[in-house]
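Survey of secondary and tertiary structure
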Amino acid sequence: MSPKPSENGMEGDDEREEDSDEENSEAEEEEDEPRLKYQRMGGSVPTLLQSDAGSCIAVSERMIALGTHGGSVHILDFLGNQVKEFNPHTSAVNDLSFDVEGEYIGSCSDDGSVVINSLFTEERMAFEYHRPVKAIALDPDYSRKSSRRFVTGGLAGNLYFNMKKWIGYRDQILHSGEGPIHAVKWRTSLIAWANDAGVKVYDASNDQRVTFIERPRGIPRPELLLPHLVWQDDTLLVIGWGTSVKIASIRTNQNNGIAPFGDSLVVLAYIPGKEDGEKDFSSSVPLRQGNAQRPEVRVVTRTNDELATDALPILGFEHYKAKDYSLAHSPFSGSSYAGGQWAAGDEPLYYIVSPKDVVIAKPRDAEDHIAWLVQHGWHEKALEAVEASQARSELLDEVGSGYLDHLIVERKYAEAASLCPKLLRGSASAWERWVFHFAHLRQLPVLVPYIPTENPRLRDTAYEVALVALATNTSFHKDLLSTVKTWPPVIYSALPIISAIEPQLNTSSMTDELKEALAELYVIDGQYERAFSLYADLMKPGVFDFIEKHDLHDGIREKVAQLMMIDCKRAVPFFIQQRDLISPSDVVSQLMAAKNKCDYRYFLQLYLHSLFVSNPHAGMEFHDMQVELYADYDPKMLLSFLRNSQHYTLEKAYEICVKRDLLKEQVFILGRMGNSKQALAVIINKLGDIEEAIEFASMQNDDELWEELIKQCLNKPEMVGVLLEHTVGNLDPLYIVNRVPNGLEIPRLRDRLVKIITDYRTETSLRHGCNDILKADCVNLLIKYYKEARRAICLSNEEDEARTKTDKNQSSQSYDRSLSIRSMEVKPKIRGGARCCMCFDPFSIHNVSIYVFYCCHAYHETCLMDSINSLSGSKKKPAPTPTQDELSFYKYENDADADDEVEYDDAQMRCILCTTAAG
């Protein structure tokens, strides 16, 4: 038994090996998608850090500066390629600072020096403070102003404000006495620095301190966890210190400020190693080397909600302390130091520096989000994300292919097939690949409805494989039929599909849908005869039009029953018209052979009736059958058939009519059999129709039958009255009246007698009138016959005709008269052996005209004229020889009746022989 298709494809038909062992795995907690993505800085950085160690980093809009423990400052592009190198220090570089234009870079070191280098000129300034310097900040407008200001501080505990005077550079101590300066940042005119006590802010524009923010309590000493200062904008200072983050807002007349990461913050977190079960930082017990954990980048909100946490795979992280890491971000949207701010949705790049590694963190884009969804198996969401972001087509192909693979693995074949139009789109190669992949999995039928036939159009083989897959699975035969009807025939060859279907004929797997699909394929392949055979078996109404369209009349010989069952009203005239191809006996035999499939007798009745109407003798061998068919299906037509057919058996027909109580038909058959008395008895006793009886007796013209009719009607008063009314012209009414028994009351007898007398007188009068008319017609016709018999016909030859034309030219009167004469041209060679009744010479000897009388006597023209003269001379005075015009009266005129009243001379109107014999 073939497998049934499920909503996700065909079950139990996958060739892949199944793993019988069930996988027992614990459900993993749903993983939050990270907010940032990371990559190691390449270019020259790995090479530089092989022989040195990174200590700090600064980022401008143009480039990156990397400080090392060896005292070098490397200027890099954003890909990590070294652009320039400075060696300003002999010890580790602790801090770096760009001006807002990115033209100068300032650095400070444990060797107590501060060096400011121009990146585009040879300008270089060095300052010596004799104690380790930990922080430096250039005036954002350093390159624009001649004052060349910067601030710096270190272990000496003094915050120096250096500027250029007219006599040289001069340091001003802004603050001292509260421990080392750990960090300093300059934004517009605001300078913020951090020492052991906390964070202070100084306004250089009006030379006054703005605020003091106390160091959070309970945090490790600054030597272990250095404080970090970040100006988020011109008025917002973010302070990261130990385990706390504070945000200080400087009140000004301005009201602007956008967080670097939306409304959140990016924090670099250091996780200390466990030491004797303690997790807290200790100032008394140093951390054991090789026990530190990976640093983490966390995205937190201002309400201390953690949005994302990423542990960084920093090289050598096991051996580093918190102070070995630093975090910097790149400016964005112009100069942030000049009042520019990050727009909503735009975030900078973040750089995490360790001694041997530089990691770049940046916000994840749409493709990262999509990749993360795919990685975690959320293919549907990934596809939605691709469509929403209008990503590049290659990404859509990649995600779509992965999604289809995932659905195939999950055996969700139907769902995978439904997504193919959206995922594969116009790629013919991709479509073909998946068509054959589904075919390999034996799941191609679920893909067929989605396979494109144009834009793109695939190779013929792909369509043929798909149709064969439908044909070989019983569950999809209906789909095969609809597909064959909808797919353009030009995109595939029908022969491979036909070859796959034909072996299924006459098997249990052959369905009506498959048979019709095969017929459609036969049509496509031009095999119309085979297609017609299948259409007829399937009872398709359009088969008649199909026959006419493709001239398949020879094919109807074996499909009589099927065609009749499809549409008998069209089939019957069709068989009558084509009876030269299929004889009536073939039609009848096929219909009788199909008696278990249809009402064959009804079809026989329709066919034989139409055949009889078209030709009463065409199916005469079936007239006995027709009698019974008429009696069962159309009794009203039976009597007409009995009257017009001479090829049925009277006895059988009578038995059929008796069984079905068909009285009029019995009467007719009895009459044809010569049993008129029994027929008359049926009319009178069963039909009770005296008028019919009278008509029947009149048709038989039998006196004994009239006696029988009178005998049977004498005891029925009403019949006697009707009989009296219809005796005129048939019987003597007096004879019937004398036969009526005494005392029999006949309804309306007086009126009927009056009618009989009146009808008799009328009949007598009509007879006399008709006799008079008949006599007059006979006399007139005899007179006309006599006159016609006295005329002659002139048979002239060509020479006579020419002579006649000459005479006509001479005499106009003779010409006019000759126009009314009909003459016949008889050539000598066809005159036969007839002879003249006067000279007895054959007519062919004398080249003269011939006159033929109605009595069949014929004469030469000259012989006739001589005889006429002789007869005239013997009776009267000698007369002149008759002329041609006089002889023309013997000729037969076209309008014989026109001369009926003209009187001719007796000598001219008679045949010579007949006249002589009569005399």
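Residues numbered from 1 in each chain as written. Predicted model: local features only at pLDDT ≥ 70, side-chain atom pairs only at ≥ 80, totals over all residues. Heavy atoms only, no water.

With that settled, the discussion passes to the overall build of the chain. Scanning the chain from N- to C-terminus turns up 31 helices and 32 strands. A burial count over the chain gives 44% of its 919 residues as buried. Counting contacts in the chain only where the partners sit at least 6 residues apart, residues at least 24 apart contribute 53% of the total. Of the roughly 48,900 Å² that the chain leaves accessible, carbon and sulfur atoms contribute 48%. (Helix = DSSP H or I, 4+ residues; strand = E, 2+ residues; numbered from the N terminus. Buried < 20%, exposed > 50% of the residue type's maximum accessible area, 1.4 Å probe, protein only. Contact = heavy atoms within 4.5 Å. Areas by Shrake-Rupley, 256 points an atom, 1.4 Å probe, with all protein chains shown as cover.)

All right, on to the pairing of strand β18 (residues 198–203) then. Among the six residues in β18, six count as buried, and that is most of the element. In the sheet, strand β17 (residues 190–194) pairs with β18 via five bridges, with the strands oriented antiparallel. If you follow I191 over to β18, its bridge partner there is Y202. As consecutive antiparallel partners, β17 and β18 are separated by three residues. Between β18 and strand β19 (residues 208–214), which pair antiparallel one after the other, the connecting turn spans four residues, and D207 there sits at a positive phi close to 55°. (Pairing = 2+ DSSP bridges.)

With that out of the way, let us pick up the pattern of salt bridges. Taken as a whole and assessed by the stated rule, the structure comprises 19 salt bridges. Among the ionic pairs, E628 bridges to R601, the shortest N-O distance being 3.9 Å. Taken together, the residues E628 in helix α17 (residues 623–633) and R601 in helix α16 (residues 600–614) connect sequence positions 27 residues apart. Using a relative accessible area of 34% as the deciding quantity, one classes E628 as partly exposed. Among the residues examined, R601 registers a relative accessible area of 22% and is labelled partly exposed. Two residues, D632 and R601, come together in a salt bridge whose shortest N-O distance is 2.7 Å. One end of the pair, D632, is in helix α17; the other, R601, is in helix α16, with 31 residues separating them in the sequence. We classify D632 as partly exposed; its relative accessible area is 33%. Connected through salt bridges with shared partners, the residues R601, E628, D632 and R660 form a single ionic network. (Salt bridge = Lys/Arg side-chain N within 4 Å of Asp/Glu carboxyl O.)

A word on the sheet that holds strand β3 (residues 36–40). Here four strands make up an open sheet; going across it, the order is β3-β28-β27-β26 and the pairing antiparallel. Taken across any chain shown, the strands that pair with only one partner, and hence form the sheet edges, are β3 and β26 (326–329). Looking at each pair of strands side by side, their axes are set apart by 25° on average, direction ignored. Pairing of strand β27 (residues 350–354) with strand β28 (residues 357–363), which is carried by five bridges, proceeds in the antiparallel orientation. If you follow S354 over to β28, its bridge partner there is D357. (Axes fitted to C-alpha atoms, helices over the stretch in contact; angles between N-to-C directions.)

On to the packing of helix α2 (residues 366–375) against helix α3 (residues 379–389), then. Interaxial distance between α2 and α3 falls to 8 Å at its minimum, and their mutual angle equals 165°. When the axis of α2 is compared with that of α3, the two are roughly antiparallel. The handedness of the crossing between α2 and α3 is left-handed. Residues A366, H369, I370, L373 and V374 of α2 pack against H379, K381, A382, A385, V386 and S389 of α3. Each residue belonging to the contact of α2 with α3 can be placed in one class, and the counts come to seven nonpolar, three polar and one charged. (Parallel < 35°, antiparallel > 145°, perpendicular 65-115°, else oblique. Left-handed = near helix turned anticlockwise from the far one by under 90°. Nonpolar A, V, L, I, M, F, W, Y, C, P; charged D, E, K, R; others polar.)

Let's shift gears to the confidence of the model for the chain. Overall, the prediction assigns the chain a mean pLDDT of 79, with 76% of residues at 70 or greater. Counting interchain partners and residues more than four positions distant, the pLDDT-below-50 stretch residues 12–28 has 15 contacts. Note on residues 275–288: pLDDT is under 50 here. Beyond four places in sequence and across chains, it has 13 contacts. (pLDDT = per-residue confidence, 0-100.)

Attention shifts here to unusual backbone geometry. Here N455 and P456 are connected by a cis peptide whose omega angle stands at 5°. Looking at the element boundaries, P456 is found in the loop between α6 (428–440) and α7 (460–471). Phi at M539 is positive, roughly 60°, even though this residue is not glycine. Following the sequence through the fold, M539 ends up in the loop between α11 (528–537) and α12 (543–550). A residue is classified by how much of its surface remains accessible, and M539, at 31% relative accessible area, is partly exposed. For D661, which is not glycine, the phi torsion reads 55° and is therefore positive.

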